[in-house]
Amino acid sequence: MNEAALASGTLLKRLGFAFAAAVGLGSMVGAGLMRTSGSVVDQVPHPWLVIALWALGGVHILLASNVASELVTTIPRAGGIFVPVRAAFGDSMGLLVGWTMFLSVVAACAALSIVCANFLAILQPSLADHTALVACLFLIPLVILNWLGVREGSVAQTLGSAVKLMLLCGVIGIALLADPPHPGALSTAADASAPALGVFAVITAYQMIYGAYAGWDSAMVFVEEDENALTNIPRAMALSICAVAFVYVLFNIGMLRSLDLEAIRASDLPIALVLGNIFGAGGTAAVAVLAIILASTSLNASLMIAPRVLFGLARAGLFLPSATRVNAGGTPHVAFAITAVLTILMIFSGGFEFIFRLMAALIIFSFVIYDTSLFQLRRAQPDLPRPFRAIGYPLLPALLLLVDTTLLIAFIAADPASGLYMAALIAICIPVGFVLHRRRAALIVAA
């Protein structure tokens, strides 16, 4: 491909099914699983309900991938979920959804870099006072690797996801097969004095589980770079979601089999207790190494995703045109440089925590709009080619829309501040999107 084609913003078709599955798996399964599992039990101290909620999360996300598979194959353009939203509802909603996803992925890059630094400090305590610097030392080699090209980043992602899956299966096997020193929550009779289960506790627990499945849609961002995207991406999303749901359920069964409820609820890293009971002091070190591998693989996936969302926004006229430039290796390098700089700024400022709070309700709101775009595009553009048609339309997509809308209302009820943030950003994006649309229309007329 010549330099003119690259400069014009053409991505290279160098990816396939293995990468599509690996980036989905790599994005979903991170070190946060080890913390989230204990926090869910703390909110819902009922073992079988915990397992049911994790399984329900997998079913929910599988329903979402059914809708996503139709939308990504109907409009196979890089940028992720904002692409069909913009096609269905215009620039304002496209701007809101696109920037929500971009900023949330950049915040994830910062958070994952710091997670790597935090767990390295467990192995080398003297590094605990230099978290931001160590986090950058994890980030920079991956930035260099992905700057070289999409092939280098994809190889690292595929190998990293395979390693993390094998290690997790090993941990699950240990938790399921080893004899625990004390009876775990699953083998203990239900405690009549257990706290009453509140609605908001279940909502909070499911919100954390929903977050643990975040990234299931990662493969869609690479639709223009997949050699057989219209087949590979729907299959890869379904496979990675099923695999991750299976792993999450088994992970929690193993933890609840090995530890009692109070031990899980009192620990930030209950899996460390599981391995500590078996391997002694070495169990904590093993968890730290596992967490670094899980987090760094997720970091690599996020670093590949964020620039492509920004690339899509720029090509749609919702960001600087220079962000569509692509280097010889197939990396949108201007968008990538912006992503790297913003990530480093967030690492040193701690701003990613604010972004996460800001994005919590906006992400589920984005998916409500995304779900709705399926119905809008079916109505407004019925003749569009649809290589994959959502299974069970309209019932299953309508069920997904109902579930996501209910969750959005529940999340806002549990955290009203997030609803105010959402309303403020919508109020900003609507006029900005309108101005951008008017400006682009004027340029078209002038041309």
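Attention shifts here to the packing of aromatic side chains. Using the criterion set out here, one finds 10 aromatic pairs in the structure. Summarising the aromatic geometry, the rings of Phe19 and Phe222 are spaced 5.0 Å apart at their centres and angled 85 degrees between planes, so their arrangement reads as edge-to-face. Within this pair, whereas Phe19 is found in helix α2 (residues 17–28), its partner Phe222 is found in the loop between α9 (199–212) and α10 (229–258), the two being separated by 203 residues in sequence. Among the residues examined, Phe19 registers a relative accessible area of 5% and is labelled buried. Over the face of the ring belonging to Tyr393 we find Arg378, whose NZ or CZ atom lies 3.8 Å from the ring centre.

Looking at soluble globular proteins, one finds that nonpolar side chains tend to be buried together. Grouped together as the largest cluster of nonpolar side chains are 136 residues, with contacts concentrated most on Met34, Trp54, Tyr213, Trp216 and Tyr248. Discounting residues that sit within four places of it in the chain, Trp216 has contacts with Met28, Ile61, Ala64, Ser65, Ala68, Met237, Ile241 and Phe367.

Their axes nearest at 8 Å, the elements helix α6 (residues 91–123) and helix α13 (residues 282–315) cross at an angle of 155 degrees. It follows from the interaxial angle that α6 and α13 lie roughly antiparallel. For the pair α6 and α13, the sense of crossing is left-handed. Along the lines of polarity and charge, the residues of the contact of α6 with α13 split into 26 nonpolar, seven polar and no charged.

Moving on, we get to unusual backbone geometry. Cis geometry marks the peptide bond from Tyr393 to Pro394, where omega comes out at 5 degrees. Within the secondary structure, Pro394 is located in the loop between α15 (351–380) and α16 (395–414).

Another point: helix α14 (residues 333–349). Between the first and last C-alpha of α14 there are 24 Å, a value that for 17 residues agrees with the 24 Å anticipated at 1.5 Å per step. For α14, the set of buried residues is Ala335, Phe336, Thr339, Ala340, Thr343, Met346 and Ile347. Projected down its long axis, α14 carries its buried residues within an arc of 135 degrees, all on one side. α14 presents Leu345, Phe348 and Ser349 as exposed residues on the side facing more than 90 degrees away from its buried surface. Phi turns positive one or two residues past the end of α14, at Gly350, with a value near 75 degrees.

Attention now moves to the confidence of the model for the protein chain. Scored by pLDDT, the protein chain has a mean of 87; 91% of the residues are at 70 or more. Confidence scores differ between elements of the protein chain, with helix α1 (residues 3–7) showing the lowest mean pLDDT of 46 and helix α4 (residues 47–74) the highest of 96. Low pLDDT (under 50) marks residues 1–7, which in the prediction has 13 contacts with non-local residues, meaning those over four places away or in another chain.

All right, on to a nonpolar patch on the surface then. On the surface, Ile391, Leu396, Leu399, Leu402 and Val403 cluster together to form a nonpolar patch covering roughly 410 Å² of accessible area. Mapped onto the elements of the fold, Leu396 is located in helix α16.

Thresholds, definitions, all that
- Residues numbered from 1 in each chain as written.
- Predicted model: local features only at pLDDT ≥ 70, side-chain atom pairs only at ≥ 80, totals over all residues.
- Heavy atoms only, no water.
- Phe/Tyr/Trp six-rings, centres within 6.5 Å; stacked < 30°, edge-to-face > 60°.
- Helix = DSSP H or I, 4+ residues; strand = E, 2+ residues; numbered from the N terminus.
- Buried < 20%, exposed > 50% of the residue type's maximum accessible area, 1.4 Å probe, protein only.
- Lys NZ or Arg CZ within 6 Å of the ring centre and 35° of its normal.
- Core = buried A, V, L, I, M, F, W, Y, C linked by side-chain atoms within 4.5 Å.
- Contact = heavy atoms within 4.5 Å.
- Axes fitted to C-alpha atoms, helices over the stretch in contact; angles between N-to-C directions.
- Parallel < 35°, antiparallel > 145°, perpendicular 65-115°, else oblique.
- Left-handed = near helix turned anticlockwise from the far one by under 90°.
- Nonpolar A, V, L, I, M, F, W, Y, C, P; charged D, E, K, R; others polar.
- Expected span 1.5 Å × (residues − 1).
- Arc of directions from axis to C-beta.
- pLDDT = per-residue confidence, 0-100.
- Patch = residues over 30% accessible without salt bridge, like charges linked within 9 Å, V, L, I, M, F, W, Y side chains within 5 Å.
- Areas by Shrake-Rupley, 256 points an atom, 1.4 Å probe, with all protein chains shown as cover.
- Salt bridge = Lys/Arg side-chain N within 4 Å of Asp/Glu carboxyl O.

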